[in-house]
Amino acid sequence: MTRNRKDKGLKIQPAADDLTVIDPLNDIPFEEPPASGSWVTDYAWVSGLMGAVMTVICAIFYSRTGALDNGVHFMGIQLTHTNIDSMLLALVVITASMLLTEGVRLWLRDPKNFFQLSPRLMAGRYLAFLREAVVNWLLYVCLLGLTVLFFRTAGEYGFSRNDSYYQIWFRFIELAFIAYLWGGLPYVLLTRAFKHDPVADRRDSSSLMARVLQFTVSLVPGLKNLRPRFNEVDKKAARALLVKLFFTPLMTVFFLDHFPHLVNNFTYMSTGLLDRIAGGHYTHASFNNDFFNISRPFIFSIDVALAWCGYVISSRWVDNQTVTAEPTVLGWVVCLICYPPFMFSSYGMYYSPPDEAMVLHLQNQTLVTIFVALSLLSIIVYMLATLWFGVRFSNVTNRGIIRKGPYAIVRHPAYAAKNIFWWTLVLPVLMYSGWKIALLMIMGLVLQSWVYYMRAMTEERHLSADPYYRAYCQQVRYRFIPGVI
């Protein structure tokens, strides 16, 4: 949970009907929000804005240089040779710009407390500090190695079959493992030296990895006494890790789906579009098709790039470590059902899912323009909801409560916008469809809206354990539509 660093002490906040004090050795208590002043998350959008701008800059650069076909050349140096590596480089550049922006923002916000020197270094215990850092690095190497092994052996991802869908993800985890193998130790040394934080240490995935390894060793006959007891902090860390393992591959391939279209659209707008207009062959229908096909990759490329940064990076340097992840099965189910592979096998087989391009088949082109514009406004809100998280975005987790931007109007702007997007595009077409098809479409839309409603309810139940979220709910009454619901 990101916090206002002016709050010096941790305060235990029991539930209204439960006065039991949380055992600090078993869990980490939440902090209370400040009575006045800003929260540290209030300007998280600055890093999100930087990521959005950098996504557009990368797309324009790739368009003008043909980087997706020829690799990335910069200042006479060829940085990449393949399409996949070029797109991964774009993601790295976008992410680096966001992290740098957020790091600078946090430093400017509280320069006196931004650096926290290690007590061991201050006491001259250099060997103990080095041993701790090396162990932390090795634990992460082990964790990353197991991650690579899992994705190479899990049948769903198709590494052994050389399936193309997740090729960019396989390439990324390969490069990430090599990068951490060589650069991880310096990072750990700097972090442990200048960002000392015992709470962050307890939430760190390396702590969970150490206990898992200890448990594995305890299975050896005669070593049962070494078996650790997994506490609530371990469970939260495990759930946070599962979120990363599921969503990061998806965001990576989603970027692969959208970013090339964004690059090609910039090429089209600078050449083909102008030629069509100059040639007198550009009609209202052509405009509607371009309006629809250009706006969607633009918005979704930015959205996915920002989300990718949030899923991949958890660092105390940008104060975005996961505090809690959804603890209930229902919360996970209603979230996972919205993403492949569960999405298609869960309800797409039984109900006709919304076809986002159906509105283009309307005969009245003025109506098409209106509905496409309305849908565009809705997905802009959807993207802004991600942007306002900055480097803190993630599904089913608490990495800081956002109360500004779209979240100052309703509590779930992304869910509301996504459903408005679907209903706006599909409803106008129903009048031209047979009643059976129309009924299936409506059933599919109602089902999807119900799923997103349940996502909102389970998230609120999860986040309500945090005093910051309870304070936020007092400020923002409505969940989806201001003044209505």
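Our structure's up above, just so we're on the same page.
In this report, the structure presented in the accompanying data block is examined. (Residues numbered from 1 in each chain as written. Predicted model: local features only at pLDDT ≥ 70, side-chain atom pairs only at ≥ 80, totals over all residues. Heavy atoms only, no water.)

## Here we look at the nonpolar core
Quick reminder of the rule: By nonpolar core is meant a set of buried Ala, Val, Leu, Ile, Met, Phe, Trp, Tyr and Cys residues that side-chain atoms within 4.5 Å join together. Each residue is assigned to one of three classes by its accessible area relative to the maximum for its type, calculated with a 1.4 Å probe on protein chains only: buried under 20%, partly exposed between the two thresholds, exposed over 50%. Numbering goes from the N terminus for both helices and strands, where a helix is a DSSP run of H or I of at least four residues and a strand is a run of E of at least two. When checking whether two residues touch, look at their non-hydrogen atoms; a contact exists if any pair is within 4.5 Å.
Ranked by size, the top nonpolar core spans 105 residues in total, and within it Tyr62, Phe247, Met251, Phe255, Phe259, Tyr339 and Tyr472 carry the most contacts. At twelve residues, helix H10 (residues 232-270) tops the list of elements feeding residues into this core. Met251 has contacts with Val304, Ala307, Trp308, Tyr311 and Tyr339, leaving out every residue within four places of it along the chain. Ala133, Val141, Tyr180 and Val188 belong to the second-largest nonpolar core, a separate cluster that totals five residues.

## Here we look at helix H12 (residues 284-312)
Applied cut-off: By this rule the span expected of a helix is its residue count minus one, scaled by 1.5 Å.
When the terminal C-alpha atoms of H12 are compared, their 42 Å separation across 29 residues agrees well with the 42 Å that a helix rising 1.5 Å per residue should span. With respect to burial, H12 is a largely interior element, 21 of its 29 residues being buried.

## Regarding the packing of helix H1 (residues 45-65) against H12
As a reminder, the rule being used: Note on geometry: axes are C-alpha line fits, over the in-contact stretch for helices, and angles between N-to-C directions span 0 to 180 degrees. Roughly parallel covers angles under 35 degrees, roughly antiparallel covers those over 145, roughly perpendicular covers 65 to 115, and oblique covers all other angles. Helix crossings fall into two classes, left-handed where the near helix is turned counterclockwise from the far one by less than a right angle and right-handed where it is turned clockwise. Note on residue categories: nonpolar means Ala, Val, Leu, Ile, Met, Phe, Trp, Tyr, Cys or Pro, charged means Asp, Glu, Lys or Arg, and polar means any other residue, Gly included.
Relative orientation of the contacting elements H1 and H12 amounts to 125 degrees, with a least axis distance of 9 Å. The pairing of H1 with H12 is recorded here as oblique in orientation. Considering the relative orientation of H1 and H12, their crossing is right-handed. Facing Gly48, Gly51, Ala52, Thr55 and Val56 of H1, the residues of H12 in contact are Phe298, Ser301, Ile302, Ala305 and Leu306. Residue composition of the contact of H1 with H12, by class: six nonpolar, four polar and no charged.

## Describing the pattern of salt bridges
Under the convention used in this document: In the sections that follow, a salt bridge refers to a side-chain nitrogen of Lys or Arg positioned within 4 Å of a carboxyl oxygen of Asp or Glu.
Applying the stated criterion across every chain yields a total of 15 salt bridges. Asp163 is the partner of Arg161 in a salt bridge, and the nearest nitrogen-oxygen pair spans 2.8 Å. Judged by relative accessible area, Asp163 falls into the partly exposed class, the value being 27%. With a closest N to O distance of 3.5 Å, Glu174 and Arg171 form a salt bridge. Here Glu174 pairs with Arg171, and both are found in helix H7 (residues 167-194), just three residues apart, close to one helical turn. Judged by its relative accessible area of 31%, Glu174 falls in the partly exposed class. Owing to a relative accessible area of 28%, Arg171 belongs among the partly exposed residues under this scheme. Shared partners join several salt bridges into a network, and the residues in it are Arg120, Glu132, Arg192, Asp201 and Arg316.

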